Amino acid sequence: MKVEHPCEPRGDVAFQTALLDDLQDRAPDLPVPRVIRTRHGAPILVHTDRAGQERQIRLLSYLEGVPLDHIPTSAAGRRRIGAQLARLRHALSGFSHPGGDRAVIWDVRRLPDLRPLLSLVEDPAHRACAQAAMTRFIGLLPEIMGLRTQILHNDFNRSNILARAQDDETLAGIIDFGDALRTAIAIDVSTAMVNQLPQNVTADAATFLSAPRDVLHGYLEHADLHHAEVRMLGHLLMARLLTRALITTWRAGVFSENRAYITRHSQATWAQLAWFTARDADTVPDLFVSDIPTSNRMGCTA
């Protein structure tokens, strides 16, 4: 049961609900939550609480499983993550809804909107790294805005993917469509990839990018990416890391009593971000293109 915040826009909740309904019709085999309707057939119940606030209430089916961030994954398991993301993209390719064009802070295309948060970064080295990444991204924004778009999950991270059990990494569910919206296909892929980066950063690109490449290879076995999209992936990974670093910094200040929990992964995020900014912008586009297996190159169209 999901009880929404009183300020949650009705259009956003209607969009997420319609998306799940559409997936049930188009891809009933995909393991996503199902919308359970009221006795009167409504997908959303509007309830006035004791404070006089209107609350939107939804009931979704519960998916059994263990979040992937609780268990280690193999290369084969990571390829299955990419394959599942590709299947989800195909299932959503025909879905359209007015709420899909909403603004979400986690949409990497909106990274320039976070520039005021740069002043909150106290560590001089981190601030310089963040400024360099922001400047690089803004220079690439015209190209990024020209990439193909559709409605997508936009948060395909390990905590939103369920495995069957602690000792069985077979994928059993996809949850949390709260960040879904119309965005670039390459951004959706890069978001899934960035969450596979190792916590311990190494200078060697082959080692550092091995796990994200597994996800990419699995994706390309089931869905295409244009050459320009693959060349943008490294920059988009950097942008997602910067988005995470800035939002985390801001939230840690707002919710200072919970700072330790909010910033638990910050050290790794800053180190990962520094790995990308330390590389010349002209070399980043080739990070993934040159390593796509020949069998998968059929998915990379011009």
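Trainee: Before we move on, can you summarise the pattern of salt bridges with the specific residues and values?
Mentor: Two side chains bearing opposite charge may form a pair once their charged atoms approach each other closely. As enumerated under the stated definition, the model contains 18 salt bridges in all. Notably, a salt bridge pairs Arg 240 with Asp 155, separated by 3.3 Å at the nearest N-O pair. Of this pair, Arg 240 sits in helix H7 (residues 227-254) while Asp 155 is found in the loop between strand S6 (149-152) and strand S7 (161-165), placing the two residues 85 residues apart along the sequence. Arg 240 gets classed as buried once you look at its relative accessible area, which sits at 4%. Salt-bridge contacts for Asp 286 lead to Arg 231; the nearest nitrogen and oxygen are separated by 2.8 Å.

Trainee: Quick one: what's the story with the environment of Leu 30, residue by residue and with numbers?
Mentor: Mapped onto the secondary structure, Leu 30 falls in the loop between helix H1 (10-26) and strand S2 (35-36). Along the backbone, Leu 30 and Ala 260 are 230 residues apart, and their C-alpha atoms lie at a distance of 36 Å. Leaving out residues up to four positions away in the same chain, Leu 30 has contacts with Leu 23, Gln 84, Arg 87, Leu 88 and Ala 91.

Trainee: Tell me about helix H2 (residues 75-92), and please be specific about residues and values.
Mentor: The terminal C-alpha atoms of H2, which comprises 18 residues, lie 26 Å apart, in line with the 26 Å expected from a rise of 1.5 Å per residue. Those residues of H2 hidden inside the fold are in contact with H1, S6, S7, strand S8 (168-174), helix H4 (185-194) and helix H6 (210-220).

Trainee: Can you break down the nonpolar core residue by residue, with the values?
Mentor: Note on soluble globular proteins: their nonpolar side chains tend to be buried together. Core analysis: the biggest nonpolar cluster contains 80 residues, and Leu 19 and Phe 276 have the highest contact counts within it. In terms of residue count, H7 provides more of this core than any other element does, twelve residues in total. Excluding anything up to four places from it in sequence, Leu 19 contacts Leu 92, Phe 95, Ile 151, Phe 177 and Ala 180.

Trainee: I'd like a rundown of the sheet that holds S7, residues and numbers included.
Mentor: Pairing is antiparallel across the open sheet formed by three strands, whose spatial order is S5-S7-S8. The open sheet is flanked by strand S5 (66-67) and S8, the only strands paired with a single partner. In terms of strand pairing, S7 meets S8 through four bridges, oriented antiparallel. Residue pairing in the sheet places Ala 163 in a bridge with Leu 171 of S8. In the packing of H2 onto the sheet, the strands contacted are S7 and S8, and the crossing angle to S8 comes to about 20 degrees.

Trainee: Which residues make up the packing of H7 against helix H9 (residues 266-277), and what values go with them?
Mentor: Running from amino to carboxyl end, H7 crosses H9 at an angle of 145 degrees, the nearest separation of the two axes being 9 Å. As for the relative orientation of H7 and H9, their crossing is left-handed in sense. Contacts between H7 and H9 involve Gly 234, Leu 237, Met 238, Leu 241, Leu 242, Arg 244, Ala 245, Thr 248 and Thr 249 on the former and, on the latter, Ser 266, Thr 269, Trp 270, Gln 272, Leu 273, Phe 276 and Thr 277. Its residues placed into classes, the contact of H7 with H9 shows eight nonpolar, seven polar and one charged.

Trainee: Describe unusual backbone geometry, and please don't skip the residues or the numbers.
Mentor: Positive phi is not limited to glycine here, since Asn 154 has a value of about 70 degrees. Mapped onto the elements, Asn 154 comes out in the loop between S6 and S7. One non-glycine residue, Asp 176, lies in the positive phi region at around 60 degrees. Inspection of the secondary structure puts Asp 176 in the loop between S8 and strand S9 (181-184).

Trainee: Can you break down the packing of aromatic side chains residue by residue, with the values?
Mentor: If you walk through the whole model with that rule in mind, you get four aromatic pairs. For the cation-ring pair, Arg 264 lies above Tyr 261, with the distance from its terminal atom to the ring centre recorded as 3.9 Å. Here Arg 279 stacks its cationic end above the ring of Trp 275, 3.6 Å away from the centre of that ring.

Conventions and cut-offs
Residues numbered from 1 in each chain as written. Predicted model: local features only at pLDDT ≥ 70, side-chain atom pairs only at ≥ 80, totals over all residues. Heavy atoms only, no water. Salt bridge = Lys/Arg side-chain N within 4 Å of Asp/Glu carboxyl O. Helix = DSSP H or I, 4+ residues; strand = E, 2+ residues; numbered from the N terminus. Buried < 20%, exposed > 50% of the residue type's maximum accessible area, 1.4 Å probe, protein only. Contact = heavy atoms within 4.5 Å. Expected span 1.5 Å × (residues − 1). Core = buried A, V, L, I, M, F, W, Y, C linked by side-chain atoms within 4.5 Å. Pairing = 2+ DSSP bridges. Axes fitted to C-alpha atoms, helices over the stretch in contact; angles between N-to-C directions. Left-handed = near helix turned anticlockwise from the far one by under 90°. Nonpolar A, V, L, I, M, F, W, Y, C, P; charged D, E, K, R; others polar. Phe/Tyr/Trp six-rings, centres within 6.5 Å; stacked < 30°, edge-to-face > 60°. Lys NZ or Arg CZ within 6 Å of the ring centre and 35° of its normal.

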